[in-house]
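Structure assessment
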Amino acid sequence: MRTVIHIAAALVLTLVSAEAARAAKPIQCTAVPKGTISVDGLRGDWGDVSALMLGGGYAKGGDKSRWQGKADLQVKFKCAHDAKGTYLLLEVSDDQVVRSARYTDREDRVELLYPGPRGKLRVLRIHPPNARYRRGRARWTSRPYAARKIKSSIIRLKHGWAAEIHLKGGSVPGYGVGTPTLKTTLRVVDGSPEASDVILL
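What comes next is a walk through the structure. (Residues numbered from 1 in each chain as written. Predicted model: local features only at pLDDT ≥ 70, side-chain atom pairs only at ≥ 80, totals over all residues. Heavy atoms only, no water.)

Attention shifts here to the overall build of the protein chain. Scanning the protein chain for helices and strands turns up 1 helix and 13 strands. Secondary structure elements in the protein chain, listed N-terminal to C-terminal, are β-α-β-β-β-β-β-β-β-β-β-β-β-β. The buried share of the protein chain, taken over its 201 residues, is 46%. Pairs at least 24 residues apart make up 60% of the contacts formed inside the protein chain by residues separated by at least 6 positions. With the model as given, the accessible surface of the protein chain reaches about 10200 Å², and the carbon-plus-sulfur share is 49%. (Helix = DSSP H or I, 4+ residues; strand = E, 2+ residues; numbered from the N terminus. Buried < 20%, exposed > 50% of the residue type's maximum accessible area, 1.4 Å probe, protein only. Contact = heavy atoms within 4.5 Å. Areas by Shrake-Rupley, 256 points an atom, 1.4 Å probe, with all protein chains shown as cover.)

As structure tokens, then:
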């Protein structure tokens, strides 16, 4: 099966303002047969879904003189949907995964920002595991948390981490079951001391 993801978006390697983060982009997700994708950390069932590559491994501000290879910060992003919901796969290459026990906003993370009711922003925040803190977490940053409607598997990789997310029907305001289009902004934050980068899609 040949699949394509069409994304109308701008890629910026910079710190972003709250107003920029509200400029959500339509992301077309690939339709897959029901049961194709299992959220279990095994990523082989994503083979027929095309990937969008974000970043280029550049350190803070896109400074090529500090490039340490693709492990610095690079993201592979995939999106799919079926009759049970919408699925996201993020594979983040990073030479240093910054985490603490508190899941703060000063650490490595991915954020999906959705326009919510009455203009409020709805943020799904995904924190990775690292060598010390072995469990990642995916949850909304404000009520309703709707934790039962989010299934996730977040794992360590040799140089970074990966997250599979299943957004079940009704877990995202304004979206039904298995919607083919999400209006969202993707932020990938590298919180390492050497490079506090944000990839904005």
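What follows picks up the thread again.
Turning our eyes to something else, we now look at the pattern of salt bridges. Here the structure, examined in full by the defined rule, presents 6 salt bridges. One salt bridge in this structure joins Glu111 and Arg125, with 2.9 Å as the shortest N-O distance. With Glu111 in strand β7 (residues 109–115) and Arg125 in strand β8 (residues 121–127), this residue pair connects regions lying 14 residues apart in the sequence. Linking Glu111 and Arg187 is a salt bridge whose minimum nitrogen-to-oxygen distance equals 3.2 Å. One end of the pair, Glu111, is in strand β7; the other, Arg187, is in strand β12 (residues 181–192), and 76 residues separate them in sequence. (Salt bridge = Lys/Arg side-chain N within 4 Å of Asp/Glu carboxyl O.)

Quick look at empty space enclosed by the protein now. Overall, the coordinates contain 2 cavities of 30 Å³ or more when judged by the stated rule. With 3 residues, the top contributor of residues to the lining of the second largest cavity is β12. Residue classes in the lining of the second largest cavity are distributed as 5 nonpolar, no polar and 4 charged. (1 Å grid on protein atoms, 1.4 Å probe; cavity = no way out; pocket = protein on both sides within 12 Å on 5 of 7 lines; lining within 4 Å. Points joined across faces, edges and corners; volume = space filled by probe spheres on them. Nonpolar A, V, L, I, M, F, W, Y, C, P; charged D, E, K, R; others polar.)

It is worth spelling out the environment of Gly35 at this point. Looking at the element boundaries, Gly35 is found in the loop between β3 (30–31) and β4 (52–54). Of the residues examined, Gly35 reaches a relative accessible area of 52% and is grouped as exposed. Measuring from C-alpha to C-alpha, the distance between Gly35 and Asp45 comes to 9.8 Å, with 10 residues separating the pair along the chain.

Moving on: unusual backbone geometry. Glycine aside, a negative phi is what most residues show, and trans is what most peptide bonds show. Even without glycine at this site, Tyr103 takes up a positive phi of about 55°. Position of Tyr103 relative to the elements: it lies in the loop between β6 (85–93) and β7.

Let us now look at the nonpolar core. General note: in soluble globular proteins, nonpolar side chains tend to be found buried as a group. By size, the foremost hydrophobic cluster in this structure holds 29 residues, and its most contacted members are Leu88, Val110, Ile126, Trp161, Ile165, Leu167 and Leu186. Broken down by element, the residue count for this core peaks at 4 residues, all from strand β11 (residues 160–168). Residues within four places of Ile126 in sequence aside, it is in contact with Leu90, Arg109, Val110, Arg137, Ala138, Ile154, Trp161, Ala163 and Ile165. Counting residues in each nonpolar core, the second largest holds 8 residues, with Val32, Ile37, Tyr87 and Leu89 among its members. (Core = buried A, V, L, I, M, F, W, Y, C linked by side-chain atoms within 4.5 Å.)

Below, the discussion takes up the state of the cysteines. Considering all chains together, one arrives at 1 disulfide under this definition. Between the sulfur of Cys29 and that of Cys79 lies a disulfide, 1.8 Å long from S to S. In this structure, the disulfide formed by Cys29 and Cys79 twists by about 65° around the S-S bond and is classed as right-handed. A residue pair is termed long-range when its members are at least 10 positions apart, and Cys29 in the loop between β2 (25–28) and β3 and Cys79 in strand β5 (residues 74–82) qualify at 50 residues. By relative accessible area, Cys29 is classed as buried at 8%. Using a relative accessible area of 0% as the deciding quantity, one classes Cys79 as buried. (Disulfide = S-S within 2.5 Å.)

By themselves these figures say nothing about function.
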